[in-house]
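Chain by chain, the residues run as shown.
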Amino acid sequence: MSEIKKFLYVNRKAPYGTVYALESLEVVLIGAAFDQDVSLAFIDDGVFQLAKGQKTTDIGMKNFSPTYSALGDYEVKKIYVEKESLEERGLTPDNLLHLTYEDEDEDYAEKDSIQFVSRAELSDIMDQQDVVPSF
Amino acid sequence: MSEIKKFLYVNRKAPYGTVYALESLEVVLIGAAFDQDVSLAFIDDGVFQLAKGQKTTDIGMKNFSPTYSALGDYEVKKIYVEKESLEERGLTPDNLLHLTYEDEDEDYAEKDSIQFVSRAELSDIMDQQDVVPSF
Amino acid sequence: MAMLHTVNKSPFERNSFDSCLSHAKAGSSILLFEDGIYAVVKGSSASGKIQKASGVSIYALGPDLKARGIGEDQIIGGVTVVDYGGFVDLVTRHDSVQSWL
Amino acid sequence: MAMLHTVNKSPFERNSFDSCLSHAKAGSSILLFEDGIYAVVKGSSASGKIQKASGVSIYALGPDLKARGIGEDQIIGGVTVVDYGGFVDLVTRHDSVQSWL
Amino acid sequence: MKLAVMVNEGPYQHQSADSAYQFIKAAIDKGHEITRVFFYHDGVNNGTRYGIPPQDDRNITQQWSELSKKHGLDLVVCVAAAQRRGILDADEARRHGKSGDNIADGFRISGLGQLIEAGIQSDRLVVFGD
Amino acid sequence: MKLAVMVNEGPYQHQSADSAYQFIKAAIDKGHEITRVFFYHDGVNNGTRYGIPPQDDRNITQQWSELSKKHGLDLVVCVAAAQRRGILDADEARRHGKSGDNIADGFRISGLGQLIEAGIQSDRLVVFGD
């Protein structure tokens, strides 16, 4: 059976305050080996997961934000960030990590993984999924 | 040392969805043996803890709401319910358990334990406390 | 496609319900359970929001209503009360399920 | 008496921050830590509420700001950033502590 | 229909485990197949056999074990989440030099791939959490 | 000053245990006395010695045990909450016929009265939770 399913990982929670962001990322990395159609959505406080400049030494926890930059190497290329969620939280795209992947169809040109989408666009994306693990 | 401290137990969470309401009540019952000045505040979703007519058979959990009616026997007589929190949630005093205690100074007359207070009054009450366990 | 959204958190404590409402498309359904059922209490600040959601079917889990002492006379119109079997039917009748945790 | 209020939840996810603000009396202080620090981000829908709270001193825990990549240039004016030692000092300098969980 | 379930919270603290259990019982009653119950995050704490709840309350872990025995439910505890939180089977305990194990009957420890696989092979995935 | 601390959540799932630990270390550095750390609700899960976090992450239980050893911290796990969730010392395990115990060094199991007592005898009570 070689059915390809559409998996959307929905991230709605901030990092560090709870473990969901970190353990969700662990699922995405394992899931990347399964050759499914994978997307990630960052909405609500989930957008904080992608903030750049995270430095966790003083709280004694592991900084796992560099792992987001490795998603491209795992062939995770569709990362949706909701514009309205960013704006409500006083953030702009400049506050976020710059995530890229190499497009093998275009001579491995580096391309942006993050797409900034409106709430309405994200609703459409959600509606097309088969499996929606949430954390 | 016979210092009497003012303890205010602040209940802000609904019952059953999480264990905090139940385990908070367990603290109050144990605490009643310590002869301190004890008050309970129910604000925000905490007001749902006192809803009458709780029947938990179908969710397979224990209905602990009858225990609130026993608080009077434990000499817990000051139970503050915030009016604004009730109103925002579509509840009226009639939706709540009727909690009473026997006033030993007045020939054991039955008196209401619940006092409905405004947010401003509750802020004053909070401000006078020594120990505020929250759950 | 038609999606089933589930919300198990109080609309007064969390933003899950608001966020779900603003993402649910017409033709989809929302099942409220656990502390999520408080959103359908008549006269509450949350129930007004539901009545504005057009084209979305609203369900509430009866066992959770009963546990919390919320009588069916206390809930707004247009809400279908289901039991756990009805929850299962909602899952199988929709194409996918999203939990708003 | 002067009370220290602490809020460790995101103001966008929970009602703890709103509830704390509406109960904190003039002369008291609020310490934001863990995900609570997001309330002081400039330009956010939460930070406007803080600026309206008069007579309440606002503190934010630096280690939690840094962990989350929120630079001190990103936060609103009038907020004092403290470290864990400062958190301890706030606890001892106030008469009692209430955690808004 | 084939249904997979994920449980993200431990027993008692949140209702998630209770809701998942009631949902699964109802699904089995309706003739559906539960392909797997995957316990993640604090959900792994459902799998401890050391719990001793009050006698007038439900024993969530025991409910899972009995349901598994009766219907052959596949109860999978995520190994990474379980190690963080101290849920061990005899193999894990031996390998990490711990003096004992605490996993309950009917539960097995395995990797996150089991969650993805369940998502692929089932018609629906339903998540219970906080 | 005498400070008492309550921790309401387990390790890793929420930051509460980390924050409480950092707060207590800072308080000790400033010369304050920590009269007691009381673990309630899922907070009791801080006291399991079965945890095996990844090597590049902190081991919260071990941090507590070491802090207790160094400064004589009184780490009290609520017995009722611990029984619900499967945290046992040798006595509890024997009494309830469990095959082993999992409590970590420096922790002791006791009643809720210890929380009230700490509230009475300390100048401040600080609560860390969800």
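In every chain, residue numbers begin from 1 and rise along the written sequence. Written order determines the labels here, with chains lettered from A and ligands numbered from 1. With the structure being a predicted model, the display of local features is reserved for residues of pLDDT at least 70 and the display and counting of side-chain atom pairs for 80 or more, all residues being used for whole-chain, interface and lining totals. Side-chain measures were taken over the full set of non-hydrogen atoms in the model, leaving aside hydrogen atoms and water.

## Quick notes on the overall build of chain E
No. 1: Numbering goes from the N terminus for both helices and strands, where a helix is a DSSP run of H or I of at least four residues and a strand is a run of E of at least two. Counting its regular elements, chain E contains five helices and five strands.
No. 2: When the helices and strands of chain E are placed in sequence order, the string is β-α-β-α-β-α-α-β-α-β.
No. 3: Taken over C-alpha atoms, the radius of gyration is set against a globule rule of 2.2 Å times the number of residues to the power 0.38. Here the C-alpha atoms of chain E give a radius of gyration of 14 Å, agreeing with the 14 Å that 2.2 N^0.38 yields for 130 residues.
No. 4: Taken along its principal axes, the extent of the C-alpha atoms in chain E is 45 × 40 × 30 Å.
No. 5: Note on exposure labels: buried denotes an accessible area under 20% of the residue type's maximum, exposed denotes more than 50%, and partly exposed covers the range between, all computed with a 1.4 Å probe on protein chains only. Counting all 130 residues of chain E, 72% fall into the buried class.
No. 6: Every residue pair with non-hydrogen atoms within 4.5 Å of one another is taken to be in contact. If you take every contact in chain E between residues at least 6 apart in sequence, the share linking residues at least 24 apart comes to 78%.
No. 7: Each accessible area is a Shrake-Rupley result for a 1.4 Å probe, and residues are judged covered by the shown protein chains and nothing else. As presented, chain E carries roughly 4200 Å² of accessible surface, and 41% of it is formed by carbon and sulfur atoms.
No. 8: If the 15 positive side-chain charges of chain E are averaged to one point and the 17 negative ones to another, these points end up 3 Å apart. When charges are counted, neither His nor the chain ends are considered; positive counts come from Lys and Arg and negative counts from Asp and Glu. In this description, the location of a charge corresponds to atom NZ of lysine, CZ of arginine, CG of aspartate or CD of glutamate.

## Quick look at the nonpolar core
No. 1: Only buried residues count toward a nonpolar core, which is a set of Ala, Val, Leu, Ile, Met, Phe, Trp, Tyr and Cys residues joined through side-chain atoms within 4.5 Å. Counting 253 residues, the largest nonpolar core has Trp64(E) and Trp64(F) as its most contacted members.
No. 2: In contact with Trp64(F), other than residues within four places in its own chain, are Ala17(F), Ala20(F), Tyr21(F), Ile24(F), Val37(F), Phe39(F), Asn46(F), Leu75(F) and Phe107(F).
No. 3: Counting eight residues, the second largest nonpolar core, distinct from the first, contains Tyr50(E), Ile52(E), Leu88(E) and Ala93(E).

## Considerations on the environment of Gln129(A)
No. 1: Considering the arrangement of structural elements, one finds Gln129(A) in the segment after α4 (119–127).
No. 2: Along the backbone, Gln129(A) and Val38(A) are 91 residues apart, and their C-alpha atoms lie at a distance of 9.6 Å.

## Looking at the arrangement of the chains
No. 1: Where the 14 pairs of chains in contact are concerned, the greatest contact count is recorded for chains E and F.
No. 2: Considering only C-alpha positions, the minimal separation of the non-contacting chain A and chain B is 17 Å.

## Quick notes on the sheet that holds strand β3 (residues 78–82) of chain B
Residue and element names in this part refer to chain B.
No. 1: Strand order in the open sheet formed by four strands is β1-β2-β3-β6, and the pairing between neighbours is parallel. If you trace the sheet from one side to the other, it starts and ends with β1 (6–11) and β6 (114–117), each paired once. When the angles between neighbouring strand axes are averaged without regard to direction, this sheet yields 25 degrees.
No. 2: For β3 and β6, the ladder comprises four bridges, and the chain directions are parallel. Bridged to Glu82 within β6 is Val117. In short, DSSP must find at least two bridges between two strands for them to pair. To obtain each axis, a line is fitted to C-alpha atoms, and for helices this fit is confined to the stretch in contact; angles are then taken between N-to-C directions over 0 to 180 degrees.

## Considerations on the packing of helix α4 (residues 84–93) of chain C against helix α1 (residues 16–29) of chain E
No. 1: Put simply, α4(C) and α1(E) touch, their axes get as near as 8 Å, and they point 80 degrees apart. With respect to their mutual orientation, α4(C) and α1(E) come out roughly perpendicular. Side by side, α4(C) and α1(E) meet where Tyr84(C), Gly85(C), Phe87(C), Val88(C) and Val91(C) of the first sit next to Ser19(E), Gln22(E), Phe23(E), Ala26(E) and Ala27(E) of the second.
No. 2: Amino acids outside the nonpolar list (Ala, Val, Leu, Ile, Met, Phe, Trp, Tyr, Cys, Pro) and the charged list (Asp, Glu, Lys, Arg) are all regarded as polar, and Gly is one of them. Its residues placed into classes, the contact of α4(C) with α1(E) shows seven nonpolar, three polar and no charged. Note that the term roughly parallel is reserved for angles under 35 degrees, roughly antiparallel for angles over 145, roughly perpendicular for angles of 65 to 115, and oblique for everything else.

## As for the environment of Asp57(F)
Residues and elements named next belong to chain F.
No. 1: With respect to the helices and strands, Asp57 occurs in the loop between β2 (33–39) and α2 (60–71).
No. 2: Residue class for Asp57 comes out buried when judged on its relative accessible area of 13%.
No. 3: Along the backbone, Asp57 and Phe107 are 50 residues apart, and their C-alpha atoms lie at a distance of 22 Å.

## Remarks on the packing of helix α1 (residues 16–29) of chain F against α2(F)
Residues and elements named next belong to chain F.
No. 1: Their axes nearest at 11 Å, the elements α1 and α2 cross at an angle of 20 degrees. In terms of orientation, α1 and α2 fall into the roughly parallel class. Considering the relative orientation of α1 and α2, their crossing is left-handed. Of the residues in α2, those in contact with Ala17, Asp18, Ala20, Tyr21, Ile24, Lys25 and Ile28 of α1 are Ile60, Gln63, Trp64, Leu67 and His71.
No. 2: Looking at side-chain class alone, the contact of α1 with α2 contains eight nonpolar, two polar and two charged residues. A crossing counts as left-handed when the near helix is turned anticlockwise from the far one by less than a right angle, and as right-handed when that turn is clockwise.

## Comments concerning the relation of the copies chain E and chain F
No. 1: Between the two copies, chain E and chain F, the superposition gives an RMSD of 0.0 Å; the rotation angle is 180 degrees and the shift along the axis is 0.0 Å. Overall, the copies show the geometry of a two-fold rotation axis. By C-alpha distance to the rotation axis, the residue of chain E lying nearest is Gly100(E), at 3.1 Å.
No. 2: Looking at chain E, 100% of its interface residues are interface residues in chain F too, so the copies touch through the same face. Least-squares superposition of the copies uses the C-alpha atoms of those residues scoring a pLDDT of at least 70 in each of them.

## Side note on a negative patch on the surface
Residue and element names in this part refer to chain A.
No. 1: What goes into a patch is any residue over 30% in relative accessible area without a salt bridge, connected to like charges within 9 Å or, for nonpolar side chains (Val, Leu, Ile, Met, Phe, Trp, Tyr), within 5 Å. A pairing counts as a salt bridge when a side-chain nitrogen of Lys or Arg comes within 4 Å of a carboxyl oxygen of Asp or Glu. A cluster of acidic residues, Asp73, Glu102, Glu110 and Asp112, forms a negative patch on the protein surface.
No. 2: Summarising the element assignment, Asp112 is placed in strand β5 (residues 109–112).
No. 3: Accessibility expressed as a relative area gives 49% for Asp112, which makes it partly exposed.

## Some points on the interface of chain E and chain F
No. 1: At the junction of the two partners, chain E supplies 27 residues and chain F supplies 27 residues.
No. 2: Both sides together, the interface formed by chain E and chain F hides about 2400 Å², and carbon and sulfur atoms give 49% of it.
No. 3: Linking chain E with chain F are zero salt bridges.
No. 4: Here a polar contact means two N or O atoms within 3.5 Å. Within protein one must be a hydrogen donor candidate and the other an acceptor candidate, and residues neighboring in sequence count only if both atoms are side-chain atoms. At the junction of chain E with chain F, the criterion picks out 17 residue pairs in polar contact (both at pLDDT 80 or more).
No. 5: Across the side of chain E that touches chain F, the residue classes tally to six nonpolar, 12 polar and nine charged. Once two parts are joined, some of their accessible surface, as seen by a 1.4 Å probe, is lost; buried area is that loss totalled over both.

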